[in-house]
Amino acid sequence: MRILGVEGTAWAASAALFDSETDAVFIETDAYQPESGGIHPREAAEHMSDAIPRVIETTLNEAAGDIDADDRSSSSKRVSPVDAVAFSRGPGLGPCLRIVGTAARALSQSLDVPLVGVNHMVAHLEIGRQRSGFDSPVCLNASGANAHVLGYRNGRYRVLGETMDTGVGNAIDKFTRHVGWSHPGGPKVEQAAKDGEYIDLPYVVKGMDFSFSGIMSAAKQAVDDGHAVEDVCFSLQENIFAMLTEVAERALSLTDRDELVLGGGVGNNARLREMLAEMCEQRGAEFYAPEPRFLSDNAGMIAVLGAEMLAAGDTIPVADSAVDSNFRPDQVSVTWRGREADAFRSDEADEVRGAEATVDIGPERVEKCRTPKSYRHPTLDATLRKERTTLEARLTSDARRAGVPTPVVYDVDLAESAIEFEHVGDADLRDEVTADRVRDVGRHLGTLHRNGIVHGDPTTRNLRCSADRTYVIDFGLGYYSDDVEDYAMDLHVFSQSLAGTADDAAELQRAFESSYEEAGDDAVLDQLREIEGRGRYQ
Ligand SMILES: C[C@@H](O)[C@H](NC(=O)OP(=O)(O)OC[C@H]1O[C@@H](n2cnc3c(N)ncnc32)[C@H](O)[C@@H]1O)C(=O)O
Ligand SMILES: Nc1ncnc2c1ncn2[C@@H]1O[C@H](COP(=O)(O)OP(=O)(O)OP(=O)(O)O)[C@@H](O)[C@H]1O
Ligand SMILES: [Fe+2]
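Thresholds applied
- Residues numbered from 1 in each chain as written.
- Chains lettered and ligands numbered in written order.
- Predicted model: local features only at pLDDT ≥ 70, side-chain atom pairs only at ≥ 80, totals over all residues.
- Heavy atoms only, no water.
- Helix = DSSP H or I, 4+ residues; strand = E, 2+ residues; numbered from the N terminus.
- Rg over C-alpha atoms; globule rule 2.2 N^0.38 Å.
- Contact = heavy atoms within 4.5 Å.
- Areas by Shrake-Rupley, 256 points an atom, 1.4 Å probe, with all protein chains shown as cover.
- Lys, Arg positive; Asp, Glu negative; His and termini not counted.
- Charge placed at Lys NZ, Arg CZ, Asp CG, Glu CD.
- Phe/Tyr/Trp six-rings, centres within 6.5 Å; stacked < 30°, edge-to-face > 60°.
- Lys NZ or Arg CZ within 6 Å of the ring centre and 35° of its normal.
- Pairing = 2+ DSSP bridges.
- Axes fitted to C-alpha atoms, helices over the stretch in contact; angles between N-to-C directions.
- Domains from an automatic or database assignment.
- UniProt positions renumbered as here; feature names shortened; annotations may be inferred.
- Near = heavy atom within 4 Å.
- Polar contact = N/O pair within 3.5 Å; in protein donor to acceptor, adjacent residues only side chain to side chain.
- Nonpolar A, V, L, I, M, F, W, Y, C, P; charged D, E, K, R; others polar.
- Expected span 1.5 Å × (residues − 1).
- Buried < 20%, exposed > 50% of the residue type's maximum accessible area, 1.4 Å probe, protein only.

A word on the overall build of the protein chain. Across its full length, the protein chain carries 15 helices and 22 strands. For the protein chain, whose C-alpha radius of gyration is 25 Å, the value lies close to the compact-globule estimate of 24 Å for 538 residues. C-alpha atoms of the protein chain, sized along the principal axes, occupy 85 × 55 × 40 Å. The long-range share in the protein chain, meaning contacts at least 24 apart out of those at least 6 apart in sequence, stands at 75%. Carbon together with sulfur atoms contributes 45% to the accessible area of the protein chain, which is approximately 21,200 Å² in total. The distance from the centre of the 54 positive side-chain charges to the centre of the 93 negative ones in the protein chain is 2 Å.

What follows is the structure, encoded as C-alpha cells:
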C-alpha cells in the first residue's frame, strides 16, 4: 500500500510518500519563514498556495518513478501512483488548512483513490508508537501550538493533561520575539541555554495540566530587569521541560503504563529528551523519541497514520471532509487500534512508587518520601520537594478539620521531605470506582472549596476507598484560594483522570457533578464548562 500524505496546518508545506510494504517514507517539505515576528496566518496561507502544488508534484514524481515501467505499459487503464491521499484536517490555521484540504480533495478525485482525513495531533503521537513498536504508550505532544499528555482508553486518545494557555513552542517563540530573535525561537533558546545559569522562575503544574503564562511573563521581565539572556533561556528550559516531564510521569503513574513516546517540534530539544529519558529510566519505563524529520511538522506522519486508517477502512467522502481548526485529539474515534481496556495492578504492595514519591506501606502507618528527581535542576528540585511536603502536611490536617476524611499526619521530616501518615482505605479509587464513591468525591471537593482549600491533584489515584468511606490523600499540589477558577481546575483534573482510568467515565462524571452541585457552588460548575470549552490553539 502506498499513501500520499499532505500537511499544511501552519508553517510546513509538506508532502510524503509512505510505502507500507517497505516501511520507507519519502518527505518533501517547504518551510514558511516569516520575515519578521511570528507566523502571520495570511502569509502562511500564501506560502501554502505556492508551495503545496510543488511538494505534491515532487512526491508524485517519486511515486511514479517507483512504479515498474511494465505495470504502466501492460495496462491500458491508468495506474494511480498511490492507493490513497491522506491530509491534515486540523487543528491548525484555518486559511492554511483550507488550501491543503482543497488540494487533497482534488488529488483524490483526479487519481480516483480514497481520501483519508487525519488529525494532526494524533499523527504526532502515532508516528512514535508506530516507529517504537510500543504497545500502549503514554504520549507527550510538545509542539508549537499545543502541549498535552494522552493515553489510549476505550477507542480514544484521552487527554490526561494539557496546557491551560499557549502551546509550548509558541510560548518559547513569544519570549524570543520579545528579545528580538527571529522565528522559530526554540532552537535559539536551546543554543543560548548552553551558557546559562539557573535563576528562579515560576513553575505551574495542576494535576497533569500546566500553564506557561506566568513563567513567560516572568522571563520577559527578567530580561528587561537586566538578567543575562542566557541565564533566562537556561532557566526557562529547566522549568518548562521539568513541568512536561513531571506531568508525563504523573500520567505513567496514573495509568500504570511503562512506555512513553514524544512528539512535536519541541521534541527536537535535546534537554527535553534528556529529562524524559532520565525520568523513564529511573522508573523502569521505556522512552522513545522519533527521528527529527518525524518530530517537526511533516507529511510523513500524516501518510503513516493515513495507511493505518486506510487499512481499517477509515476513509472519508469528499462531501464530509471539511477541515476543523480546533480538531481535538480526543474527538477522533480510533478505528485502527483494538478496544483493549487495560486492567490495573490492583493488589496492594508494600512499597508504592507514585509519580512524586516513594510510599512505604505498613498495616497501620505509611511513610511517604519525596526523593530527589535527578532530571530536575537541583535548586528547583529542592524547592519543590520542601514546599510540597510542607503544604501536604498542613492541608491534610486542615482538610480533616473541615470534615473531609484524610489520613492523620503523625510526623513530618522536612530535611528528608518525608511524612508519616495513618494508613487509610483498602484500595485506590482507580481500582474500585463506583458511582457512590464518585459522589463522595463530589461532596468532599465541595467541602474543601467552601473552606478555601484547593486539592490541586484530585485524580482517581489520590482518593482511597474502604467499605464505608472515601478518603482524600496527596495534597502535595494543594494551596489556599478563593478563586472559582482554581476550584473548577480541581473538577477538571478529576474529570480527566476519570476519562483516563474508568470505563463508564461519562456516567460517573454526571454522578460526580450532581453531588458537587449539592455541596458546592454552581459558579464552579459554570467555570468548569468554560475551561472545557477553552480554545487552546493559540
Ligand atoms: C497545529 C500545528 O500546526 C502545530 N505545529 C507546530 O507547531 O509545529 P511543530 O513543528 O510541531 O513545532 C514547532 C515549534 O517547535 C519549536 N522547536 C523546534 N526546535 C526546537 C528546539 N530545538 N527546542 C525548542 N523548541 C523547538 C519551534 O520553536 C516551534 O515553536 C502543532 O502541532 O501544534
Ligand atoms: N495514607 C495512605 N494510606 C494508604 N495508602 C496510601 C496512603 N498514602 C499513599 N498511599 C498509596 O500510595 C500511592 C502513592 O501515594 P501518593 O499519591 O501520596 O504519592 P505520589 O507520589 O504523590 O503519587 P502521584 O503523584 O502519582 O499521585 C497512593 O496511590 C496509595 O495507593
Ligand atoms: Fe505539529
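All chains considered together, the criterion is met by four aromatic pairs. Positioned above the aromatic ring of Tyr152 is the side chain of Arg337, whose terminal nitrogen or guanidinium carbon lies 4.0 Å from the ring centre. Stacked on the ring of Tyr410, the Lys or Arg Arg365 has its end atom at 3.9 Å from the ring centre.

Here the focus is the environment of Thr396. Within the secondary structure, Thr396 is located in helix H11 (residues 378–401). A C-alpha to C-alpha distance of 48 Å links Thr396 and Glu308, two positions 88 residues apart in sequence. Residues contacting Thr396, with those up to four places away along its chain left out, are Thr406, Pro407, Val409, Phe421 and Phe475.

Checked against the element boundaries, Leu429 lands in the loop between strand S18 (427–428) and helix H12 (435–450). The sequence separation of Leu429 and Ala502 amounts to 73 residues, and the corresponding C-alpha distance is 9.9 Å. Discounting chain neighbours no more than four positions away, the residues touching Leu429 are Arg437, Val441, Thr460, Leu463, Arg464, Cys465 and Phe494.

The strands making up a sheet associate through backbone hydrogen bonding, with each pair oriented either parallel or antiparallel. Spatially, S13-S14-S15-S17-S16 is the arrangement adopted by the five strands of the open sheet, whose pairing is antiparallel. The two strands at the open ends of the sheet, each matched to only one other strand, are strand S13 (351–353) and strand S16 (409–413). Across the sheet, the mean angle from the axis of one strand to that of its neighbour is 15°, orientation sign disregarded. Inspection of the sheet shows strand S14 (residues 358–361) paired to strand S15 (residues 365–369) by four bridges, in the antiparallel sense. Within S15, the residue paired with Thr358 across the bridge is Cys369. Seen against the sheet, H11 touches S15, S16 and strand S17 (418–422) and runs at an angle of roughly 20° to S17.

With that settled, the discussion passes to the domain arrangement of the protein chain. How big an interface is tends to be stated in terms of accessible area lost as the parts join. Parsing the protein chain into structural domains produces domain 1 (2–125 + 296–331), domain 2 (133–292) and domain 3 (351–533). In this structure, domain 1 and domain 3 have C-alpha centres spaced 44 Å apart.

The next point concerns the UniProt feature "active site" (unreviewed entry) in the protein chain. Mapped onto this numbering, the UniProt entry gives "active site" (unreviewed entry) at Asp457. Checked against the element boundaries, Asp457 lands in the loop between strand S19 (453–454) and strand S20 (463–465). The contacts of Asp457, once residues within four sequence positions are left out, are Gly207, Arg250, Asn462, Asp474, Leu477, Asp490 and Val493.

A word on the site of ligand 1. Close to ligand 1 lie 26 residues, the nearest being Thr9, Ser143, Asn146, Asp173 and Asp297. Between Gly144 and ligand 1, the recorded distance is 2.8 Å, taken from a backbone N or O atom to an oxygen atom. In the complex, 93% of the free accessible area of ligand 1, which totals 680 Å², lies under the protein chains. At the level of elements, helix H4 (120–132), helix H5 (168–178) and helix H6 (186–193) are the ones that each hand at least two residues to the shell around ligand 1. Split into classes, the residues belonging to the shell around ligand 1 amount to eight nonpolar, 15 polar and three charged.

A separate point is helix H8 (residues 229–255). Compared with the 39 Å implied by 1.5 Å per residue over 27 residues, the 39 Å span of H8 between its first and last C-alpha is a close match. Of all 27 residues that make up H8, 26 are buried, and the element is covered over most of its length.

A separate point is unusual backbone geometry. Gly90 connects to Pro91 through a cis peptide bond whose omega is 0°. In this fold, Pro91 is placed in the loop between strand S4 (84–90) and helix H3 (94–111). The step from His183 to Pro184 runs through a cis peptide bond, and the omega angle for that step is -5°. In this structure, Pro184 sits in the loop between H5 and H6. Phi at Asp23 takes a positive value of approximately 70°, unusual for a residue other than glycine. Here Asp23 shows up in the loop between strand S2 (12–19) and strand S3 (24–31).

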